[in-house]
Amino acid sequence: MTNSRAWARVLTIAGSDSGGGAGIQADLKTFQELEVFGMSAITAVTAQNSVGVHGVYPLPVEAVVQQIDAVLGDMGATTVKTGMLLSPDIVACTVEAIRRHRPEHVIVDPVMIAKGGSPLLRQEAVDVLRGELLPLASVVTPNLPEACELLGIERDAIRSVADMVKTVDRLLALGPKYVLLKGGHLEEYSSENDALSSKEAIDVLVGPGLAEPVLLQAPRYATKHTHGTGCTTAAAIAAFVARGRSIPEAAREAKQFVTAAIAAAGPMGRGTGTLWHAAHRQLQMQRS
Ligand SMILES: Nc1ncnc2c1ncn2[C@@H]1O[C@H](COP(=O)(O)OP(=O)(O)OP(=O)(O)O)[C@@H](O)[C@H]1O
Ligand SMILES: Cc1ncc(CO)c(N)n1
């Protein structure tokens, strides 16, 4: 039994995915699985399923601000996670709210494009995200195309683990404390890939206390059902950080959590199926 005073609290500021696999829904499922109390400020409602994003309905900026202020002004959260922010106005109001409330940890998932290609961050919002939000981040968790966009380089410029290792310091120079560069998309470049990255899903972490970039490695599963992997990774980092782990510890534990969820993923609808967020329970049972 726990008592509510002891619950670690996390606020996610992100979009709603009606399909339940990404966005706010993935975040809250992950928070609950990892035993932290999850709260949400919704930035936009998407009509989304396994096939794609069929509609995007932003909330008014005042509605986003009111949700954040209502939660952080009363219940409080040590940790804020951001996901789909869509517009320059929503990014700017999120930045202002973070400056006002000063949470201890800010986990920024710089969500830009859904797996099917729909934009979840407008092009004109990239500058404010890069210039204003990243310097507030405890950790930023770009995938490969997002990292390229943040650096203003060709969308497919990072094509191998060696390229990832070469790039992370430039992302760190944008101002976040840590960078976790996720390598899920490396498979798209498999013909010219280093042998390792077709067998393993490799992410690269840099930041204080790490003498050199650290590779987080896990088996790569031959599945197309990977909707929500990025949201789930950042949400798990947020949960572990809220429970007192350092960013490097949280990143390692989040990697195990998301890997288990991908291993258990399955078809759901006609397109890209989703992760199973409860899969880590099996791991815990095997350990105990
Ligand atoms: N097929 C796979 N098998 C195992 N791990 C994977 C696989 N695909 C991605 N991952 C891992 O999942 C995590 C998320 O990385 P990814 O690069 O897919 O994020 P993303 O593109 O932001 O996801 P999404 O856009 O679906 O939210 C990383 O730890 C990555 O290494
Ligand atoms: C609402 C939302 N946020 C993030 C993603 C990225 O996976 C998505 N597909 N939908």
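Scroll up to find the structure this text is about.
Remember, it's a predicted structure, so these values are computed and weren't measured experimentally.

The rules behind these values
Residues numbered from 1 in each chain as written. Chains lettered and ligands numbered in written order. Predicted model: local features only at pLDDT ≥ 70, side-chain atom pairs only at ≥ 80, totals over all residues. Heavy atoms only, no water. Near = heavy atom within 4 Å. Areas by Shrake-Rupley, 256 points an atom, 1.4 Å probe, with all protein chains shown as cover. Helix = DSSP H or I, 4+ residues; strand = E, 2+ residues; numbered from the N terminus. Polar contact = N/O pair within 3.5 Å; in protein donor to acceptor, adjacent residues only side chain to side chain. Nonpolar A, V, L, I, M, F, W, Y, C, P; charged D, E, K, R; others polar. Patch = residues over 30% accessible without salt bridge, like charges linked within 9 Å, V, L, I, M, F, W, Y side chains within 5 Å. Salt bridge = Lys/Arg side-chain N within 4 Å of Asp/Glu carboxyl O. Buried < 20%, exposed > 50% of the residue type's maximum accessible area, 1.4 Å probe, protein only. Phe/Tyr/Trp six-rings, centres within 6.5 Å; stacked < 30°, edge-to-face > 60°. Core = buried A, V, L, I, M, F, W, Y, C linked by side-chain atoms within 4.5 Å. Contact = heavy atoms within 4.5 Å. Pairing = 2+ DSSP bridges. Axes fitted to C-alpha atoms, helices over the stretch in contact; angles between N-to-C directions. Parallel < 35°, antiparallel > 145°, perpendicular 65-115°, else oblique. Left-handed = near helix turned anticlockwise from the far one by under 90°.

Peer 1: I keep staring at the site of ligand 1 and nothing clicks. Help me out?
Peer 2: Near ligand 1 lie 18 residues; those nearest to it are Lys115, Lys182, His185, Asp203 and Thr229. Taken by itself ligand 1 offers 630 Å² of open surface, and the protein chains cover 94% of this. Mapped onto the shell around ligand 1, the elements with two or more residues apiece are strand S8 (200-206), helix H8 (229-242) and helix H9 (247-263). With four residues, H8 is the largest single contributor of residues to the shell around ligand 1.

Peer 1: Where do I start with the site of ligand 2 in this structure?
Peer 2: Neighbouring ligand 2 are Gly15, Ser16, Ala22, Gly23, Gln48, Met84, Val111, Ala114, Leu120, His227 and Cys231. A distance of 2.8 Å separates a nitrogen atom of ligand 2 from a polar side-chain atom of Gln48. Its residues placed into classes, the shell around ligand 2 shows six nonpolar, five polar and no charged.

Peer 1: Honestly, a nonpolar patch on the surface in this entry has me stumped. Any pointers?
Peer 2: Together, Trp7, Phe37 and Met75 make up a nonpolar patch on the protein surface, roughly 270 Å² of accessible area in all. If you trace the backbone, Trp7 turns up in the segment before strand S1 (9-17). The class for Trp7 is partly exposed, based on a relative accessible area of 37%.

Peer 1: Would you mind going over the packing of aromatic side chains with me for this structure?
Peer 2: When we look at a pair of aromatic rings, we describe it by the centre distance and by the angle of the planes. Per the counting criterion, the structure on display carries one aromatic pair. Between Trp7 and Phe37, the aromatic rings sit 5.6 Å apart at their centres with planes inclined by 10°, giving stacked as the arrangement. Of this pair, Trp7 sits in the segment before S1 while Phe37 sits in strand S2 (residues 37-48); the two residues are 30 residues apart in sequence, bridging distant segments of the chain.

Peer 1: Whenever I open this one, the nonpolar core confuses me. Can you help?
Peer 2: Side chains of a nonpolar character, in soluble globular proteins, are inclined to be buried together. In this structure, Leu11, Ile68, Val91 and Leu121 are the most contacted members of the largest nonpolar core, which totals 46 residues. Looking at this core, the element that brings in the most residues is helix H3 (residues 88-101), giving six residues. Beyond its immediate stretch of four places on either side in the chain, Leu121 contacts Leu85, Leu86, Val91, Val111, Met112, Val126 and Leu129. Counting residues in each nonpolar core, the second largest holds 26 residues, with Val10, Leu34, Leu216 and Ala239 among its members.

Peer 1: I would appreciate a short explanation of the sheet that holds strand S3 (residues 53-58) in the present structure.
Peer 2: Sheet strands pair by backbone hydrogen bonding; their relative direction is either parallel or antiparallel. Here nine strands make up an open sheet; going across it, the order is S3-S2-S1-S4-S5-S6-S7-S8-S9 and the pairing mixed. In the strand order of this sheet, the two ends are held by S3 and strand S9 (214-219), each with one partner. With five bridges joining them, S2 and S3 adopt antiparallel strand pairing. Each bridged residue has a counterpart across the sheet, and for Ala44 the counterpart in S3 is Pro58. Lying over the sheet, helix H6 (residues 161-172) contacts strand S7 (178-181), S8 and S9, oriented at roughly 30° with respect to S8.

Peer 1: How do you make sense of the side chain of Thr141 when you look at a structure like this?
Peer 2: Checked against the element boundaries, Thr141 lands in the loop between strand S6 (139-140) and helix H5 (144-151). Classification of Thr141 by relative accessible area gives buried; the value is 0%. Discounting residues that sit within four places of it in the chain, Thr141 has contacts with Val108, Asp109, Pro110, Glu146, Leu180, Lys182, Ala234 and Ile237.

Peer 1: How should I be thinking about unusual backbone geometry in this particular structure?
Peer 2: Trans is the prevailing form of peptide bonds, just as negative phi is the prevailing case for residues other than glycine. Positive phi outside glycine occurs at Leu86, with the angle close to 60°. With respect to the element layout, Leu86 can be found in the loop between strand S4 (79-82) and H3. Exposure remark for Leu86: the relative accessible area of 4% places this residue in the buried category.

Peer 1: What should I look at first to understand the packing of H5 against H6 in this one?
Peer 2: In helix packing, the relevant descriptors are the interaxial angle and the interaxial distance, both defined with respect to the helix axes. Between H5 and H6, the shortest axis-to-axis distance is 11 Å and the interhelical angle comes to 45°. One way to sum up the angle between H5 and H6 is to call them oblique. Two packed elements cross with a definite hand, and for H5 against H6 that hand is left-handed. Contacts between H5 and H6 involve Leu144, Ala147, Leu150 and Leu151 on the former and, on the latter, Met164, Thr167, Arg170 and Leu171.

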